[in-house]
Amino acid sequence: MFNLTALGSKEAEMRIIGVDLHARQQTIAMLDAETGELLEKTLYHEGDQVRQFYAALPSPVLVGIEATGSMHWFLKLMEELGIDCQVGHPAKIRAAEPRKQKHDRRDAALQLKLLVENRFPSIWMPSTELQDLRVLLKHRHQWVRMRTRVQNTLQAIALSNGLRQGSSLWSQAGQARIAALPLPPYAADRRTKLQALYRKLNEQIDKLDERVRDQAFQRPGAKRLMTHPGIGPVTALATDVFLGDPTRFADGKALASYVGMIPSEDSSAGRQRLGALSKQGNPLLRFLWCEAAMHAVRQDPELKRFYRRKLQQKGLGKARVAAARKLGIRLYIMLRDEIDYQEFCRRGQTRQKNGSAHAGMPGRNSGPAVQ
């Protein structure tokens, strides 16, 4: 079943385990590379059964699992036990098995086979610190989305009662005006509770913003990104922690593909067919880049010219995405080369003098404005 000759001297002495991980149980296929013995087993996650099984294995041990949302406790356990655990790309693992029969034992055996044959499609995994910072950013974003829903509801109440304040509705005077609207009892009770919820959400978001700001200034990469016009602590920290090690991307095109800011494509026989954005990357990072791009185009001359040109050629939606993509590539270059915005502009000016500048690169009029 397995080609053991593909193993190196180190791998030939270890136990290699393919794990099909689920929320309540896991199915394993374990190969003792020294004896060639194959073991298939199901472990249930209640109690200490999983810890006892892996702790009893003599080292060295290599474990491979498919990436899933419920895997973090298992990765933490493997780290505590000193076991090498590789996480595989789900789509690439599935592509390695053309047969339609799919069940837990086959999935575990497939991952074991890929590990033994050195074909396991491992993916980069962030450190525990980066994972925790990602949780902070996602938590803040959830609160912001809840506040937006409350704001939309309060705005609808105001408009339906002839109060047109626009963005000033969220000022202290605007909130007083909506509170003074004469409403029926149930509608008035709803308005009062929504206003109280809005104030509470604001307080929580302010606290989270302060934590994000502190973390952004503590991380050198995020601090450098904030020197770019239009980039605040949230976008800077999100770019830093969601991209992780920037050297793992070959170039800006690979980065755009990773974030999902490239068009889907179905080309064949010399005919190119491009569709909507692939959106295969991180949705929060795409959202933040699109929001930050609208601030950056007002302050960076070259990015502003690029955005206006795309606006005439492609329209509002595509121009906004194009500006966000270019901004994201700029931030990636600043992270990769460990430079600030001023140095990025200097390099752009040098490229223009040499005749090798690309569209959207900073020109001579670009200043090192800091937000």
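Before reading further, recall that the structure is shown in the block above.
Residues numbered from 1 in each chain as written. Predicted model: local features only at pLDDT ≥ 70, side-chain atom pairs only at ≥ 80, totals over all residues. Heavy atoms only, no water.

Caption draft 1: Inspection of the overall build of the protein at higher detail. The number of helices and strands found in the protein is 14 helices and 7 strands. The C-alpha atoms of the protein give 26 Å as radius of gyration, which overshoots the globular expectation for 371 residues (21 Å, by more than 25%). Summarising its shape, the C-alpha atoms of the protein cover approximately 80 × 70 × 45 Å along the three principal directions. Split into buried and exposed, the 371 residues of the protein put 42% on the buried side. (Helix = DSSP H or I, 4+ residues; strand = E, 2+ residues; numbered from the N terminus. Rg over C-alpha atoms; globule rule 2.2 N^0.38 Å. Buried < 20%, exposed > 50% of the residue type's maximum accessible area, 1.4 Å probe, protein only.)

Caption draft 2: Highlighting the packing of helix H12 (residues 301–314) against helix H13 (residues 316–337). Here H12 crosses H13 at 150°, and the two axes come no closer than 7 Å. Classified by the angle between their axes, H12 and H13 sit roughly antiparallel to one another. The element H12 and its partner H13 pack so that their crossing is right-handed. Of the residues in H13, those touching H12 at Glu302, Leu303, Phe306, Tyr307, Lys310, Leu311 and Lys314 are Leu316, Lys318, Ala319, Arg320, Ala322, Ala323, Lys326, Leu327 and Arg330. Its residues assigned to classes, the contact of H12 with H13 comprises 9 nonpolar, no polar and 7 charged. (Axes fitted to C-alpha atoms, helices over the stretch in contact; angles between N-to-C directions. Parallel < 35°, antiparallel > 145°, perpendicular 65-115°, else oblique. Left-handed = near helix turned anticlockwise from the far one by under 90°. Contact = heavy atoms within 4.5 Å. Nonpolar A, V, L, I, M, F, W, Y, C, P; charged D, E, K, R; others polar.)

Caption draft 3: Just the sheet that holds strand E2 (residues 25–32), in detail. Taken in spatial order, the 5 strands make up an open sheet running E3-E2-E1-E4-E5, and their pairing is mixed. The open sheet has two edge strands with one neighbour each: strand E3 (37–44) and strand E5 (84–88). Sheet twist, expressed as the mean angle between neighbouring strand axes with direction ignored, is 20°. Looking at chain direction, strand E1 (residues 15–21) and E2 are connected through 7 bridges and run antiparallel. Paired with Arg15 across the bridge in E2 is Asp32. Packed on one face of the sheet, helix H4 (residues 104–116) meets E1, E2, E3, strand E4 (61–66) and E5 and runs near 140° to E1. (Pairing = 2+ DSSP bridges.)

Caption draft 4: Inspection of the side chain of Gln175 at higher detail. The topology assignment puts Gln175 in helix H6 (residues 172–179). For Gln175, the side chain forms a polar contact with the main-chain oxygen of Leu169, separated by 2.9 Å. Setting aside its immediate chain neighbours within four residues, Gln175 contacts Leu169, Trp170, Gln195 and Tyr198. (Polar contact = N/O pair within 3.5 Å; in protein donor to acceptor, adjacent residues only side chain to side chain.)

Caption draft 5: Layout of the packing of helix H10 (residues 252–259) against H13. The N-to-C vectors of H10 and H13 enclose an angle of 120°; their axes lie 10 Å apart at closest approach. With respect to each other, H10 and H13 are oriented oblique. Along this stretch, H10 crosses H13, giving a crossing that reads as right-handed. Judged by residue contacts, Gly252, Lys253, Leu255 and Ala256 of H10 engage Arg325, Gly328, Ile329 and Tyr332 from H13.

Caption draft 6: Local environment of the pairing of E5. Relative to E5, E4 is paired through 5 bridges, and the arrangement is parallel. Its bridge partner lying in E5, Ile65 is registered against Val87. Once you follow E4 into helix H2 (residues 72–81) and on to E5, the crossover reads as right-handed. (Right-handed = clockwise from strand over helix to strand, strands pointing away.)

Caption draft 7: Structural view of the pattern of salt bridges. Per the counting criterion, the structure on display carries 20 salt bridges. Glu291 is the salt-bridge partner of Arg320, the closest N and O atoms lying 2.9 Å from each other. One end of the pair, Arg320, is in helix H13; the other, Glu291, is in helix H11 (residues 283–299), and 29 residues separate them in sequence. The exposure class assigned to Arg320 is partly exposed, which follows from its relative accessible area of 29%. The exposure class of Glu291 is partly exposed, given its relative accessible area of 34%. One connected set of salt bridges, linked through shared partners, spans Arg336, Asp337, Glu343, Arg346 and Arg347. (Salt bridge = Lys/Arg side-chain N within 4 Å of Asp/Glu carboxyl O.)

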